[in-house]
Amino acid sequence: MKMPVPINVFRVFMQVVPRLSVEPMRYEDIAAVQAIERQVFASPWPKNAYASELSQNRQASYIVLRQEGQIVGYAGLWRVALEAHVTTIGVRAGDHSKGYGTVLFAALVQRAYALGARWITLEVRDTNDHAIRLYERFGFKAIGRRRGYYTDNGEDAVIMWSDSIHAPEFKRSFMAILNGLDVAGVGGGPSMEYPSA
Ligand SMILES: CC(C)(COP(=O)(O)OP(=O)(O)OC[C@H]1O[C@@H](n2cnc3c(N)ncnc32)[C@H](O)[C@@H]1OP(=O)(O)O)[C@@H](O)C(=O)NCCC(=O)NCCS
């Protein structure tokens, strides 16, 4: 005989949320994002920067990473012509080296594929070894340097570059990282076919 589902069991089921999830950044996330940004960046963006990025910049794509509902990190990129330019990535202080940056960066790479980009580029402080290791893990290489790029201390920026994200080698190593992640909203990876155009 078919048993009726007790209503409280149904409610418990409905309340289950994935431990980690990547979601598009929304207006209501901005305060939490800025709180993290103040913790981890020497020069946080101006107060209204995220609001205008979300509302006015059609090239921009921003995401947040939630752990049981709470924002633990965020990241963004601009898609300009065939290039995706990483504009920011930050993980809550105290939660570094737990793999959250890897999740966020993987989600950005996925966005780059979805937006039709061919390459990904970014700038990183010369001394930011931790972030540089993260990008190197995704196959990024240093291709240049912007002297005195960071105005707060005059530090150089290292320019890093993915080369073609459609190259089989890039896709293979990206899929190996992606397959190791158990996070809602990251996506299933690119097609293994080289784009025809
Ligand atoms: C940079 C930042 C986003 C990285 O986030 P994170 O959550 O600490 O990164 P992860 O834990 O995913 O990975 C980074 C480290 O783990 C390593 N790592 C993680 N998983 C790994 C794996 N499976 N295999 C090998 N290495 C791995 C990375 O190479 C890197 O190495 P390190 O810990 O020895 O330095 C974070 O540290 C941050 O917010 N920093 C301050 C803001 C900032 O500098 N942003 C970047 C601006 S360009």
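Right, let's walk through the structure included here. (Residues numbered from 1 in each chain as written. Predicted model: local features only at pLDDT ≥ 70, side-chain atom pairs only at ≥ 80, totals over all residues.)

What about the overall build of the chain?
- A count of helical and extended segments in the chain gives 6 helices and 7 strands.
- Buried residues in the chain amount to 29% of all 197 residues.
- Considering only residue pairs separated by 6 or more positions, the chain has 60% of its internal contacts joining residues 24 or more positions apart. (Helix = DSSP H or I, 4+ residues; strand = E, 2+ residues; numbered from the N terminus. Buried ≥ 20, exposed ≤ 12 C-beta atoms within 10 Å, placed from the backbone. Contact = placed C-beta atoms within 7 Å.)

Here we look at the pairing of strand E3 (residues 70-80)
- Pairing analysis gives 8 bridges linking strand E2 (residues 60-67) to E3, with the strands arranged antiparallel. Within the sheet, the bridge partner assigned to Leu65 lies in E3 and is Gly73.
- Here E2 folds back onto E3, and the loop between the two strands holds 2 residues, one of which, Glu68, carries a positive phi near 45 degrees.
- Adjacent in sequence and paired antiparallel, E3 and strand E4 (residues 83-91) are bridged by 2 residues, among which Ala81 carries a positive phi angle near 50 degrees. (Pairing = 2+ DSSP bridges.)

Here's the deal with the sheet that holds E3
- Strand order in the open sheet formed by 7 strands is E1-E2-E3-E4-E5-E7-E6, with mixed pairing between adjacent strands. What marks the edges here is a single partner per strand, and that holds for strand E1 (20-24) and strand E6 (141-146). Across the sheet, the axes of successive neighbouring strands diverge by a mean angle of 25 degrees, strand direction being ignored.
- Taken strand by strand, helix H4 (residues 100-114) contacts E1, E2, E3, E4 and strand E5 (119-125), and its axis lies near 30 degrees from that of E3.
- Sitting on the sheet, helix H5 (residues 129-137) is in contact with E5 and strand E7 (157-161), with an inclination near 165 degrees to E5. (Axes fitted to C-alpha atoms, helices over the stretch in contact; angles between N-to-C directions.)

Let's talk about unusual backbone geometry
- A positive phi is found at Glu68, a non-glycine position, where the angle reads about 45 degrees.
- Inspection of the secondary structure puts Glu68 in the loop between E2 and E3.
- Positive phi, close to 65 degrees, is recorded for Ser97, a residue that is not glycine.
- Following the sequence through the fold, Ser97 ends up in the loop between E4 and H4.
- For Ser97, a count of 10 C-beta atoms within 10 Å gives the class exposed.

Observations concerning the site of the ligand
- In the vicinity of the ligand there are 19 residues, among which His96, Gly101, Thr102, Ala131 and Arg133 approach most closely.
- Elements that contribute at least two residues to the shell around the ligand include exactly E4, H4 and H5.
- The greatest single-element share of the shell around the ligand, amounting to 5 residues, is contributed by H5.
- Broken down by class, the residue content of the shell around the ligand amounts to 8 nonpolar, 8 polar and 3 charged. (Near = placed C-beta within 6 Å. Nonpolar A, V, L, I, M, F, W, Y, C, P; charged D, E, K, R; others polar.)

A few points about the nonpolar core
- Grouped together as the largest cluster of nonpolar side chains are 43 residues, with contacts concentrated most on Ile63, Leu65, Tyr74, Val103, Leu104 and Leu108.
- Setting aside its immediate chain neighbours within four residues, Leu108 contacts Ala75, Leu77 and Val86. (Core = buried A, V, L, I, M, F, W, Y, C linked by C-beta atoms within 7 Å.)

What about H4?
- The end-to-end C-alpha separation of H4 is 21 Å, in line with the 21 Å expected for 15 residues at 1.5 Å each.
- Of all 15 residues in H4, 13 are buried; the element is thus mostly enclosed.
- In the segment just after H4, Gly116 is the residue with positive phi, at about 80 degrees. (Expected span 1.5 Å × (residues − 1).)

A word on the environment of Ile71
- Position of Ile71 relative to the elements: it lies in strand E3.
- Those residues in contact with Ile71, other than ones at most four positions away along the chain, are Asp29, Ala32, Val33, Val64 and Arg66.

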